[in-house]
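The chain contents come next:
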Amino acid sequence: MKIAFLDRSTIGPTVQISKPSFPHEWVEYDNTSPDEVLERLQGVQICITNKVPLSADVLKQLPDLKLVCIAATGYDKVDIATCDELGIVVSNVRGYAVNTVPEHAFALIFALRRSLVGYRQDVINGEWQKSGKFCFFHHPIKDLAGSRLGIIGSGTLGKGTARIGEALGMDVVFAARKGAREVRPGYTDWQEVITTSDVISLHTPLTPETRGMISTAEFEAMKQMPILINTSRGCLVDEAALVQALDKQQIAAAGFDVLTTEPPQADNPLLSILDRPNVIVTPHVAWASEEAMQALWDQLVSHMENFQNGTPTNAVGHVGG
């Protein structure tokens, strides 16, 4: 059994890369470009990939490939339909980020709600030293207790974020689906969430329905001037409209861990406002606590073991499910 890991550099260096217990040949690459995939997967039965795409054309030229292990939850980089057609099992990892993503979301929320970035920069710039006072009030500070947290996406990560919000005394509401005619029990009308929330946190997958779900109309409806947090997928938000919303003071601040293109291209609108005290952009690391990355890897190894034993787990296509 030959196993190839195409992009080892996408997993942190502190993670213990354990190997499956069954006999195998192991090869790993820090990175793999699209034009290297076919050559590197020749004779491979198990492929591990995080962000390296596996297209239909490439998959059809890999007769030995039997299992694709995705070192992430999202599987849009792999042509699942072609894998089904060829009898290739595709397994992803789930539930490993249950603590790290909600904690990162709240790290952004705390920093922006209390203007930590602005005040830290003031001290660096000598403003406190020159003020002659024990404190000053250059930036707004607001409590989270008693404020409304609107969560878009009620999966594991959305619920984890809700638990933290509730523990802090926030009024937590889950948004109903945008455009839904009826609001299910436990949810709040989409427009009400957009209009009344002091903090809005996105935890929904990227689908054709959710792409660009937050844009000009939504920003214009945000009467509470909320903080907008995105630790989910960059394309959920119209980034140009986001910059305009900040300029127009339709929202108070933005904390983003994800962008439409990663790494960002030079013309990304958010790159032009990174020096603002009410903007924080982190490089897609909300998922990447050491504990979460180790849990991800341990789960991925279990998928290889289970496949070898004839009981595939976390299959995302029709094969092996």
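Just above sits the structure.
Structure report, in brief. (Residues numbered from 1 in each chain as written. Predicted model: local features only at pLDDT ≥ 70, side-chain atom pairs only at ≥ 80, totals over all residues. Heavy atoms only, no water.)

## Describing the layout of surface pockets
In this structure, the second largest pocket occupies an estimated 310 Å³ of space. For the second largest pocket, the lining is made up of 17 residues, of which Leu 112, Ser 115, Pro 140, Ala 252 and Ala 253 are closest to its centre. In terms of residue class, the lining of the second largest pocket is made up of eight nonpolar, six polar and three charged. (1 Å grid on protein atoms, 1.4 Å probe; cavity = no way out; pocket = protein on both sides within 12 Å on 5 of 7 lines; lining within 4 Å. Points joined across faces, edges and corners; volume = space filled by probe spheres on them. Nonpolar A, V, L, I, M, F, W, Y, C, P; charged D, E, K, R; others polar.)

## Structural notes on the environment of Ala 111
Summarising the element assignment, Ala 111 is placed in helix α4 (residues 100-113). For Ala 111, the contacting residues outside a window of four places in its chain are Leu 116, Val 117 and Ile 280. (Helix = DSSP H or I, 4+ residues; strand = E, 2+ residues; numbered from the N terminus. Contact = heavy atoms within 4.5 Å.)

## Quick word on the nonpolar core
Judged by nonpolar contacts, the single largest core of 29 residues is most densely connected at Ile 11, Trp 26, Ile 48, Trp 297, Leu 300 and Met 304. Within the residue set of this core, elements represented by two or more residues are β1 (2-5), β3 (46-49), β4 (67-70) and α11 (290-308). Ranked by the residues each element gives to this core, the list is headed by α11, at eight residues. Those residues within four positions of Trp 26 in sequence are excluded, and the remaining contacts are Ile 3, Phe 5, Ile 17, Lys 19, Pro 20, Ile 48, Trp 297 and Met 304. Formed by 28 residues, the second largest nonpolar core is a distinct cluster that contains Val 173, Trp 190, Ala 221 and Phe 256. (Core = buried A, V, L, I, M, F, W, Y, C linked by side-chain atoms within 4.5 Å. Buried < 20%, exposed > 50% of the residue type's maximum accessible area, 1.4 Å probe, protein only.)

## Some thoughts on the sheet that holds β4
Sheet strands associate in pairs through backbone hydrogen bonding, adopting either a parallel or an antiparallel arrangement. Taking strand neighbours across the sheet as the criterion, the five strands line up as β2-β1-β3-β4-β5 in an open arrangement whose pairing is parallel. Either end of the sheet is taken by a strand with one partner, and the two such strands are β2 (25-28) and β5 (89-91). Neighbour-to-neighbour, the strand axes of the sheet open up by a mean angle of 15°, direction not taken into account. Pairing between β1 and β2: four bridges, direction parallel. Following the sheet pairing, Lys 2 is matched in β2 by Glu 25. (Pairing = 2+ DSSP bridges. Axes fitted to C-alpha atoms, helices over the stretch in contact; angles between N-to-C directions.)

In short, the description is geometric, and any link to function would need to be established separately.
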